[in-house]
Amino acid sequence: MIQQGVLADALRQSIIDGEFAPGSKLSEAMLSERFAVSRNTVREAYRVLAEQGLVEHTPHRGVSVAAPAIADVIDIYRARRTIECTILRECEPQHPAVRRMEDALEEAERLLPQQAWREVGSANMAFHVAIIDLADSPRLARTYRNLAAELRLVFLEIDDPRALHEPFVRKNRAVLDALRHDGPDAAATALETYLLQSERLVLGAFARMGRS
């Protein structure tokens, strides 16, 4: 029988892959049948996902996928700047994770002509996960894993994936070039500017959609 932790991971992946849209209700009975687990196991998985900010429980209405608000966007990007820019500024440019940054970036660049925006988004996210890997910290990696999942929920709310992902492939290239040619401080400064621009883009999209 599938374990609660495995179920939580499977549901988490389904959510960030867009199988369940932000705000959609999750059926305990359906998930119990789909994964061949008890309803108690489903409820325990809900508890884990709620701690990660991915689902919300509303009394008398059940559990639904979290629908990020503007305040969530601001907080997510504040955390991203604090974590990613600090790691980049303190990193060793010869760290093996720099190669993973390059691999993720090349994958995003390869996908751009195909306009496969979800896959471009995944490659962009892999680039940022590689930045976290520069710190060699399992605790930071776990923290960022949850933050990245919330970020994917934010991105799923936006109906213009091209505007969301295309410009930042080029900006990822600028960050990596700065790291290689000008050093960690220059790369961190470029990344901070990038994240501020990304935050403004997302907040503008939320404002156009009437989100509060």
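In case you missed it, the structure is sitting above this.
What this report covers is the structure whose coordinates are included nearby. Note that the coordinates shown come from a computational prediction; the quantities given were computed from them, not determined experimentally. (Residues numbered from 1 in each chain as written. Predicted model: local features only at pLDDT ≥ 70, side-chain atom pairs only at ≥ 80, totals over all residues. Heavy atoms only, no water.)

Glancing now at the pattern of salt bridges. One pass over the full model with this rule turns up 17 salt bridges. With a closest N to O distance of 3.5 Å, Arg100 and Asp133 form a salt bridge. Remark: Asp133 occurs in helix 6 (residues 117–133) and Arg100 occurs in helix 5 (residues 97–111); sequence separation between them is 33 residues. Through salt bridges that share partners, Glu102, Glu109, Arg173 and Arg180 make up one connected network. (Salt bridge = Lys/Arg side-chain N within 4 Å of Asp/Glu carboxyl O. Helix = DSSP H or I, 4+ residues; strand = E, 2+ residues; numbered from the N terminus.)

Below, the discussion takes up the environment of Phe206. Looking at where Phe206 falls in the secondary structure, it is placed in helix 9 (residues 184–208). The spatial distance from the C-alpha of Phe206 to the C-alpha of Pro68 is 9.8 Å, given a sequence separation of 138 residues. With residues up to four places along the chain from it excluded, the contact list for Phe206 reads Pro68, Ala69, Ile70, Val73, Val154, Glu157, Ile158 and Arg211. (Contact = heavy atoms within 4.5 Å.)

This next bit is on helix 2 (residues 28–35). All of the buried residues in helix 2 are Leu31, Ser32 and Phe35. Along the axis of helix 2, the buried positions cluster into a sector of 105 degrees, meaning they face one direction only. At the C-terminal side of helix 2, Ala36 shows a positive phi close to 55 degrees. (Buried < 20%, exposed > 50% of the residue type's maximum accessible area, 1.4 Å probe, protein only. Arc of directions from axis to C-beta.)

Attention now goes to the nonpolar core. Counting 47 residues, the largest nonpolar core has Leu88, Leu134 and Val202 as the members making the most contacts within it. Where this core is concerned, the elements lending two or more residues are helix 4 (70–89), helix 5, helix 6, helix 7 (138–156), helix 8 (161–181) and helix 9. If you look at the next biggest cluster of nonpolar residues, it comprises 22 residues, including Ala8, Tyr46, Val48 and Val55. (Core = buried A, V, L, I, M, F, W, Y, C linked by side-chain atoms within 4.5 Å.)

On their own, these measurements won't tell you what the molecule is for.
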